[in-house]
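Here's the letter readout for the chains.
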Amino acid sequence: RKEVEQDPGPFNVPEGATVAFNCTYSNSASQSFFWYRQDCRKEPKLLMSVYSSGNEDGRFTAQLNRASQYISLLIRDSKLSDSATYLCVVNIRRTGQLTFGSGTQLTVLP
Amino acid sequence: GEEVAQTPKHLVRGEGQKAKLYCAPIKGHSYVFWYQQVLKNEFKFLISFQNENVFDETGMPKERFSAKCLPNSPCSLEIQATKLEDSAVYFCASSPTGDTEAFFGQGTRLTVV
């Protein structure tokens, strides 16, 4: 079983739609949690850190459920520019090593 | 600098040749990480440094891969005797601490022919 598992996707949604991505992690000792986005094999860019209390940044909302070992990302009012691969990333070990999910591809259609 | 700088952007090597990749972390960041992305979005951790000290090298194929972060020099990742399967994008990332978000460079695309 992979340490970080994501919805396989792809997700194709119309502009303006709300879309949710889910992610589960297997190691209960995981320290920190992030969502990154990656465009066309460019470098991953940090979208949001994810906190237990949940956090919001404009159209993006991230939630963490430590008891269920579950992380989510909600995107409201999707834009064409949101089209990318979304990576669920967990810091499992205190060495700072990030463990990546396999990514979920999102395409927002006009 | 304000961003992680990786050089070169592209590197082509014949099988058996050496490849050397460079990374300058964000100024003030103590941690440097190297990742390999081969297929789709499969990221493989290679090694991490805390300043010039190896912090975690559990992902490194030690027979042919080596890495250094020396004071006042870019960090480097070297592959001796490259193989076809080493073809990948190699990303470097830096972080102020070991458990906060990491910022990635643009990557070096290595093609072994």
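Summary of the structure given here. As the structure is a computational prediction, the values presented were derived from the model and not from experiment.

### A few points about the sheet that holds strand β3 (residues 19-25) of chain A
Residues and elements named next belong to chain A.
No. 1: Taken in spatial order, the 5 strands line up as β1-β3-β8-β7-β6 in an open sheet, and their pairing is antiparallel. Single-partner strands in this sheet number two, and they are β1 (4-6) and β6 (55-57). Across this sheet, the average inter-strand angle for adjacent strands is 15°, counted without regard to direction.
No. 2: In this sheet, β3 lies alongside β1 in antiparallel orientation, the contact comprising 3 bridges. Counted as the bridge partner of Gln6 is Cys23 from β3.

### Points about the nonpolar core
The tendency in soluble globular proteins is for nonpolar side chains to be buried side by side.
No. 1: With 25 residues, the main nonpolar core has Phe21, Trp35, Ile71, Leu73, Ile75, Tyr86 and Leu106 of chain A as its most contacted residues.
No. 2: At the level of elements, β3, β4 (32-38), β5 (45-50), β7 (60-65), β8 (70-75), β9 (84-91) and β11 (104-109) of chain A are the ones that each hand at least two residues to this core.
No. 3: Excluding its chain neighbours within four sequence positions, the residues that come into contact with Tyr86 of chain A are Gln6, Phe21, Trp35, Tyr36, Arg37, Leu47, Leu73, Ile75, Gly103, Thr104 and Leu106 of chain A.
No. 4: Within the second largest apolar cluster, 23 residues are counted, among which are Leu21, Cys23, Phe65 and Leu77 of chain B.

### Some words on the interface of chain B and chain A
No. 1: Taken together, the contact between chain B and chain A spans 24 residues of the former and 23 residues of the latter.
No. 2: Both faces considered, chain B and chain A share a buried interface measuring about 1,900 Å² in area, 52% of it formed by carbon and sulfur atoms.
No. 3: Between chain B and chain A we count 1 salt bridge in total.
No. 4: Between Lys2 of chain A and Glu42 of chain B there is a salt bridge whose closest N-O contact spans 3.2 Å.
No. 5: The interface formed by chain B and chain A holds 5 residue pairs in polar contact (both at pLDDT 80 or more) in total.
No. 6: Mapped by element, the contributors of at least two residues to the side of chain B that touches chain A are β4 (31-37), β5 (43-50), β6 (53-56) and β9 (88-95) of chain B.

### Some words on the pattern of salt bridges
No. 1: Inspection of the entire model under this criterion finds 9 salt bridges over all chains.
No. 2: A salt bridge links Asp39 of chain A to Arg37 of chain A, with the shortest nitrogen-to-oxygen separation between them at 2.7 Å.
No. 3: Residue classification places Asp39 of chain A among the partly exposed positions, given a relative accessible area of 27%.
No. 4: For Lys20 of chain B, the salt bridge goes to Glu78 of chain B, with nearest N and O atoms at 3.6 Å. One end of the pair, Lys20 of chain B, is in strand β3 (residues 19-24); the other, Glu78 of chain B, is in strand β8 (residues 75-79), with 58 residues separating them in the sequence.
No. 5: One continuous salt-bridge network, built from bridges that share partners, spans Lys18, Lys20 and Glu78 of chain B.

### Observations concerning the environment of Val89 of chain B
No. 1: One can find Val89 of chain B in strand β9.
No. 2: Taking the C-alpha atoms as reference, Val89 of chain B lies 9.4 Å from Gln106 of chain B; in sequence the two are 17 residues apart.
No. 3: Excluding anything up to four places from it in sequence, Val89 of chain B contacts Arg41 of chain A together with Tyr35, Gln36, Gln37, Gly107, Thr108 and Arg109 of chain B.

Conventions adopted
Residue numbers run consecutively from 1 along every chain, following the written order of its sequence. Numbering of ligands from 1 and lettering of chains from A proceed in the order in which they are written. It should be noted that, the model being predicted, local features are given only for residues of pLDDT at least 70 and side-chain atom pairs only at 80 or more, the latter also being counted only at that level, while totals for whole chains, interfaces and linings use all residues. Only hydrogens and water are set aside; all other atoms, that is, all heavy atoms of the structure, feed into the side-chain values. When DSSP finds two or more bridges between two strands, those strands count as paired. Think of it this way: any DSSP run of H or I at least four residues long counts as a helix, any run of E at least two long counts as a strand, and we number them from the N terminus. As a rule, the C-alpha atoms of each element are fitted with a line to give its axis, helices using only the stretch in contact, and angles between N-to-C directions run from 0 to 180 degrees. Note on terminology: a nonpolar core comprises buried Ala, Val, Leu, Ile, Met, Phe, Trp, Tyr and Cys residues joined through side-chain atoms within 4.5 Å. A 1.4 Å probe rolled over the protein chains alone gives each residue an accessible area, and that area as a share of the maximum for its type sets the label: buried under 20%, exposed over 50%, partly exposed in between. Whether two residues touch is decided by their heavy atoms; if any such pair falls within 4.5 Å, the residues are in contact. Put simply, buried area is the surface a 1.4 Å probe can reach on two separate parts but cannot reach once they are joined, added for both. When a carboxyl oxygen of Asp or Glu lies within 4 Å of a side-chain nitrogen of Lys or Arg, that pair is called a salt bridge. Pairs of N or O atoms within 3.5 Å make up the polar contacts considered here, provided that, within protein, one atom can donate a hydrogen while the other can accept it, and that residues adjacent in sequence are counted only when both atoms are side-chain atoms.

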